[in-house]
Each structure stands twice: as C-alpha cells, then as structure tokens.
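Take a look at the letters that make up each chain.
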Amino acid sequence: MSQISVIIPLYNKEKYIKRALDSVFAQTYQDFEVIVIDDGSTDEGAQIVRSYNDKRLRLIEQANAGPGAARNRGINESRAEYIAFLDADDEWLPDFLVTYQKALVNHPDCDLVMGPHFEGEEHKDKSIIWSDLGFKEGAWRLPHNISYKELHTYLTVFHTCTILVKSEVVKKYGGFYSKNNCTHGEDRFLQVQLLLNHKIYRIMKPLMWYHSETNGVSAIPKQLVPLLSDPMQIRANCPDAYRNLLEQYLANTALNYAHKCSNSNDYQTAAYLVEQFPIMKQWLNKYIRLKIKLMFPNLNLLNKRQRLRYL
C-alpha cells in the first residue's frame, strides 16, 4: 500500500493535466498512488490520463458534481496514510512530496503540513508574504488570542494544493463541501475546521506552482459560499476556546459579502446574511451603510449611474 494518495480533480483541463501529472511522476519521493477524478469533463482530458502507463495511476469518471465532490470521491477511494491534493492546472516542484512526508513522519504530533507556493506567470514567491507575517518553519497551533482579521489572513495563505494531511483527519470532517454542486468556497469550508482543530507543521520553502493565469477573472459566485450558507458543521466542530473568534470571523465575512451582493443588486442574499449573522452590527458604520442600501435600493442604483458618468 502506498503511503501517499495524490488526488487530482479534473474538469475540462486537457491543456494542463499532462503538466500536473508529469510533476507528480517527477517527484523524488515515489511511494504514492494517483487518483484522478474526471468530474464530467467534455474535453479530452480523460484520454490524456489514460495514455499514462503507470499502475499507480487510477482514473475515476463521474457525472459533474463540483470540485468538492470530486476531491471527496478521491478521498473515499484513497488507500494511503496521507493525502495530498493537486489541481489539474497546477504543478509541484520535484521535492514537494519528500519534504512534506518527512515533516509529518518526523513530527507525528502534527496532523498536516502546509507551505507557501509560487504564483502566476511571474512565478511570484509567496514565501515572502509568509516571512512578512512572522511565520517560521516548524510545528504551530493557531493562537487563542488573535483577532478575526488575523484568522482571515491565516486562511488566505492556506492553499489546498500545498498541504499533506493525515487521511483519518480529512475523513473526520467529511472532506470538502460538496452539496448542491458547490463550485466556490468548498475548500475554505474544510480549511477552517483544520485550522481550528489541528497542530500544523509549516514549511517555508515554496514547492508548488499555482497557475493563477489559467483561472480567468474571479466573479461573485451565484451560490452563497458554504462558510456562510451552511456553517453548522464548522460551529459544531469549533473548540470552545475559538468560538468567539469564529463568530467574529463569520460575521465580518458575511458583512463584507453582503455589501458585494447589494452592489450587484442581490438584495435578497444581502438581507439573508443580515438576518443570519446579527453580530455584524458591531461594525456599525459599515452595517448602517448596508442597511441604507437595503432600504433604498433605487438610491444605490442611482449612485452607480452617477459614478459611471465620470468613468
């Protein structure tokens, strides 16, 4: 049985899947299995996967259900002690697995390893940001006395494709959010729970290349992110010491998201967030501005038109 399962969700990434797979098979650590889940692709990506002649590689095909469901299928099929995730349009550097595997073996009190990455065509080194935040190599646990802003920062640098996690840990939370074909925020739903509950080993060397240039322009998702639409599991798994921190983070996230929704004329979602996260009132000025938008939507539309006149 392999020690590491590498899980790759695949959806219409035929241009990039070979690059991702080649980066896995080029690893200096070779005791792994690769599980590619073709999530209802309409291109030839699955054919490219089939062209590899390596018994460690398995291709699983399913109807489109979203990235969370695809990763979860891979988790359920996994037979290894540790699990790593790689998106079909990204790649690892050759020492990714050996470095992360050694860290978990040498620090059994840690349940996952995480590190920075390179990003985009410019190959931006995100370890610089980690250093600026005061991160250091070694075992680490989320402090109790931090602010919701600091929690947001820690989550912002948490990248799914730069972790190696114990299989039993990721299965404990049911993996990623997968309801309603969720396509946005499914990873943050799991990341919050991992960060609140587990000791982490942090590596300071970037060993993954996140090709952000392949993802297009981000837009406000049509679905409400699961962190806000379905937070019950996160709350249930939150240790008491972090409960106030979590509620502060959720409410502030909801307030910011509600403003984005109202700016896009989605007043129904904005009003829902106001109702579900009432402690957002503590950010009084921002809350009042939101309430004005909801009470006078025509005024909000008029302000937009006036701004456009000066562009």
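Here, the structure is the one placed above.
All values derive from a computational prediction rather than experimental measurement.

Enquirer: Honestly, the packing of helix 11 (residues 243-263) against helix 13 (residues 284-295) in this entry has me stumped. Any pointers?
Expert: If you want to describe how two helices pack, look at the angle between their axes and the distance between the axes. Across the interface, helix 11 lies against helix 13 with an axial gap of 10 Å and an inter-helix angle of 30 degrees. On the basis of their axis angle, the class for helix 11 and helix 13 is roughly parallel. Handedness of the helix 11/helix 13 crossing: left-handed. Facing L255, N256, A258, H259, S262 and N263 of helix 11, the residues of helix 13 in contact are K286, Y287, R289, L290 and K293. Split by residue class, the contact of helix 11 with helix 13 holds four nonpolar, four polar and three charged.

Enquirer: Would you mind going over the pattern of salt bridges with me for this structure?
Expert: Note on pairing: side chains with opposite charge can pair once their charged atoms come close. One pass over the full model with this rule turns up 17 salt bridges. K126 is the partner of E119 in a salt bridge, and the nearest nitrogen-oxygen pair spans 3.8 Å. In this structure, D230 and K179 form a salt bridge, with 2.9 Å as the shortest nitrogen-oxygen distance. With D230 in the loop between helix 9 (226-229) and helix 10 (232-236) and K179 in the loop between helix 7 (167-172) and helix 8 (186-197), the pair connects residues that are 51 residues apart, well separated along the chain. Given a relative accessible area of 17%, D230 falls into the buried group.

Enquirer: Any chance you could explain unusual backbone geometry here in plain terms?
Expert: Peptide bonds are mostly trans, and most non-glycine residues show a negative phi. The residue N180 is not glycine, and still its phi comes out positive at about 55 degrees. As for its position among the elements, N180 is in the loop between helix 7 and helix 8. What makes N180 exposed here is its relative accessible area of 63%. With a phi close to 65 degrees, N265 is a non-glycine residue in the positive phi region. Tracing the chain through its elements places N265 in the loop between helix 11 and helix 12 (267-276).

Enquirer: Even after reading the chapter, I still don't get the packing of helix 12 against helix 13, so can you show me in this structure?
Expert: Two elements in contact, helix 12 and helix 13, have axes separated by 10 Å at closest approach and are oriented at 140 degrees. Considered as vectors, helix 12 and helix 13 are oriented oblique to each other. Pair helix 12 / helix 13 crosses with left-handed handedness. Contacts between helix 12 and helix 13 pair Y267, A270, A271 and V274 from the former with Y287, L290, K291, K293 and L294 from the latter. A breakdown of the residues in the contact of helix 12 with helix 13 according to their chemical character gives seven nonpolar, no polar and two charged.

Enquirer: So what exactly am I meant to see when it comes to the sheet that holds strand 11 (residues 200-202) here?
Expert: Hydrogen bonds between backbone groups are what pair the strands of a sheet, and the pairing can be parallel or antiparallel. One open sheet accounts for eight strands, arranged 3-2-1-4-10-6-11-9; its pairing is mixed. Both edges of this open sheet fall to strand 3 (57-62) and strand 9 (138-140), since each of them pairs with a single strand only. The mean angle between the axes of side-by-side strands here comes to 25 degrees, regardless of whether they run parallel or antiparallel. Packed on one face of the sheet, helix 1 (residues 17-25) meets strand 1 (4-10), strand 2 (32-39) and strand 3 and runs near 165 degrees to strand 2.

Reading guide: rules and limits
- Residues numbered from 1 in each chain as written.
- Predicted model: local features only at pLDDT ≥ 70, side-chain atom pairs only at ≥ 80, totals over all residues.
- Heavy atoms only, no water.
- Axes fitted to C-alpha atoms, helices over the stretch in contact; angles between N-to-C directions.
- Helix = DSSP H or I, 4+ residues; strand = E, 2+ residues; numbered from the N terminus.
- Parallel < 35°, antiparallel > 145°, perpendicular 65-115°, else oblique.
- Left-handed = near helix turned anticlockwise from the far one by under 90°.
- Contact = heavy atoms within 4.5 Å.
- Nonpolar A, V, L, I, M, F, W, Y, C, P; charged D, E, K, R; others polar.
- Salt bridge = Lys/Arg side-chain N within 4 Å of Asp/Glu carboxyl O.
- Buried < 20%, exposed > 50% of the residue type's maximum accessible area, 1.4 Å probe, protein only.
- Pairing = 2+ DSSP bridges.

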